[in-house]
Amino acid sequence: MPSAGHGCPTDRNAVNDSQPSPNSVEAALAPGQEAPVGRYRLELSTGRWAWSDEVFLMHGFQPGEVVPTTELVLAHKHPDDRERVDHVMRDATATGRPFSSVHRIRDAQGTIRTLTVTGQATRDPQSGAVTEIRGYFIDVTAANRESAAQQASSFIQASSANRAPIEQAKGVLMVAFGIDDPTAFDRLRVASNQLNVPVRDLARWLMNWFTDASTAEMPTADELADFLIAPVPTVGPEHQPAT
C-alpha cells in the first residue's frame, strides 16, 4: 500500500462536498442512532489522504487534529486484521478493482470499532494508470457489538414494525452501486415484482445475508446484484412455529 508522509497537508473540505445523505446510509445501517458514514480519498502519486470529519471521529480524533497518513491508517487496524486490510488496499491500487471489506480498528482512546470500507479507483484517462482511491468508511460497531448473527436477528426484529428494513437495504445498495435513494428503492421494487415477494421481505433477507457472521468482507456489487435475482429467504421470528 502506498505510504504518505507525515508532513502531507490534510484536505477535509474536498471530502465533505460530496457527503451521502444523512437520512440514507446513516439511517440504513444503524436505525435509531447516528451511524458515522464518512468519505476518504487517497492520491497515489503523493500519498495524500483526505478524510471527512466523520472519519477523524471514527478513529478517535477531532476533525483536523492529525494528518491522516497510510502509516496512521494501518496503525489503527486491529492486529488480527491489519495484514488482510493492507493486502486489499495494495490489490486495489495495483489493479484498480473496486473493493470492500469489514475489519476492526482500535481508535485513539483504545476502543475497538468495526468498520466497513469500500473503495473505487480513478484512472488517468491517457495512461490508464490508477491515480486515486476514494470511497466510504462506515462504522458498523453497533451492529457487531455482540456478534454479527445475533445483531442481525435483533436488527430485523426491531425494524419489523416500520420501514427500517427497506431503508437499511437501500443504504447498502447506495454504497455498493454508487446510486441515489430513489434508484436504490427502484432496484428493490423491480426485484420484488420479479420475485413476487413484498419489498420489505426482500429487504429483510438482504440485510440478514449482508450481516451474516460468516461474511469476512462486504459483498461486492456483482454479488448484491446476483442476490436480488436469487435471494436467500430467511424466516423472521414472527413466522417461527410456536413452541
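One can find the structure itself at the top, above this paragraph.
The notes below deal with the structure included here. These numbers were taken from a predicted model, which means no experiment stands behind them.

1. Quick notes on the pairing of strand S1 (residues 37-43)
A regular strand places its side chains so that they alternate between the two faces of the sheet.
Phase 1 of the analysis: Most of S1 sits out of view: 6 of its 7 residues are buried.
Phase 2 of the analysis: In this sheet, strand S2 (residues 48-51) lies alongside S1 in antiparallel orientation, the contact comprising 4 bridges. Bridge pairing links tyrosine 40 to tryptophan 51 in S2.
Phase 3 of the analysis: Hairpin remark: S1 followed by S2, antiparallel, with 4 residues in the connecting loop; positive phi at glycine 47, about 75°.

2. Considering the pattern of salt bridges
Phase 1 of the analysis: Applying the stated criterion across every chain, the model contains 12 salt bridges.
Phase 2 of the analysis: The partner of glutamate 167 in a salt bridge is lysine 170, and the shortest N-O contact between them spans 3.2 Å. Residue glutamate 167 and its partner lysine 170 are located together in helix H7 (residues 164-177), separated by 3 residues, close to a single helical turn. In terms of burial, glutamate 167 and lysine 170 fall into one category: buried.
Phase 3 of the analysis: Arginine 204 is paired through a salt bridge with aspartate 201; the nearest N and O atoms lie 3.1 Å apart. Remark: aspartate 201 and arginine 204 occur in helix H9 (residues 199-210); sequence separation between them is 3 residues, near one turn of the helix.
Phase 4 of the analysis: By relative accessible area, which is 6% here, arginine 204 ends up buried.
Phase 5 of the analysis: Look at aspartate 201 and you get partly exposed, because its relative accessible area is 23%.
Phase 6 of the analysis: Residues participating in the shared-partner salt-bridge network are Arg41, Glu132 and Arg134.

3. Concerning the side chain of threonine 118
Phase 1 of the analysis: Structurally, threonine 118 is set in strand S4 (residues 112-123).
Phase 2 of the analysis: Sequence-distant contacts of threonine 118, defined by excluding residues within four places in its chain, comprise Tyr40, Phe99, Ser100, Arg134, Gly135, Tyr136, Val175 and Met218.

4. Comments concerning the nonpolar core
Phase 1 of the analysis: Leu188, Leu202, Leu206 and Leu228 are the most contacted members of the largest nonpolar core, which totals 26 residues.
Phase 2 of the analysis: Listed by contribution, the elements that provide at least two residues to this core are strand S5 (130-139), H7, helix H8 (181-195), H9 and helix H10 (221-229).
Phase 3 of the analysis: Looking at this core, the element that brings in the most residues is H9, giving 7 residues.
Phase 4 of the analysis: If sequence neighbours within four positions are ignored, leucine 202 has contacts with Leu188, Ala191, Ser192, Leu195, Val197, Leu228 and Pro231.
Phase 5 of the analysis: The next biggest cluster of nonpolar side chains, apart from the first, holds 23 residues, and it includes Leu42, Phe56, Met89 and Leu115.

5. Details of the layout of surface pockets
The method is simple in principle: a probe with the dimensions of a water molecule rolls over the atoms, and the space it marks as empty is what remains.
Phase 1 of the analysis: Size it by volume and the largest pocket reaches roughly 360 Å³.
Phase 2 of the analysis: Around the largest pocket, the lining is made up of 19 residues, and of these Thr118, Gly119, Gln120, Val175 and Ala176 lie nearest the centre.
Phase 3 of the analysis: Secondary-structure elements contributing two or more residues to the lining of the largest pocket are strand S3 (99-106), S4, S5, H7 and H10.

6. Some remarks on the sheet that holds S4
Phase 1 of the analysis: Taken together, 5 strands build an open sheet; the order of strands is S2-S1-S5-S4-S3 and the sheet is antiparallel. Each edge of the sheet is formed by a strand with only one pairing partner; in this case those strands are S2 and S3. For this sheet, the mean inter-axis angle between neighbouring strands, taken without regard to orientation, is 25°.
Phase 2 of the analysis: Where S3 and S4 come together, 8 bridges link them in antiparallel fashion. Bridging from a neighbouring strand, histidine 103 pairs with leucine 115 of S4.

The rules behind each value
Residues numbered from 1 in each chain as written. Predicted model: local features only at pLDDT ≥ 70, side-chain atom pairs only at ≥ 80, totals over all residues. Heavy atoms only, no water. Buried < 20%, exposed > 50% of the residue type's maximum accessible area, 1.4 Å probe, protein only. Helix = DSSP H or I, 4+ residues; strand = E, 2+ residues; numbered from the N terminus. Pairing = 2+ DSSP bridges. Salt bridge = Lys/Arg side-chain N within 4 Å of Asp/Glu carboxyl O. Contact = heavy atoms within 4.5 Å. Core = buried A, V, L, I, M, F, W, Y, C linked by side-chain atoms within 4.5 Å. 1 Å grid on protein atoms, 1.4 Å probe; cavity = no way out; pocket = protein on both sides within 12 Å on 5 of 7 lines; lining within 4 Å. Points joined across faces, edges and corners; volume = space filled by probe spheres on them. Axes fitted to C-alpha atoms, helices over the stretch in contact; angles between N-to-C directions.

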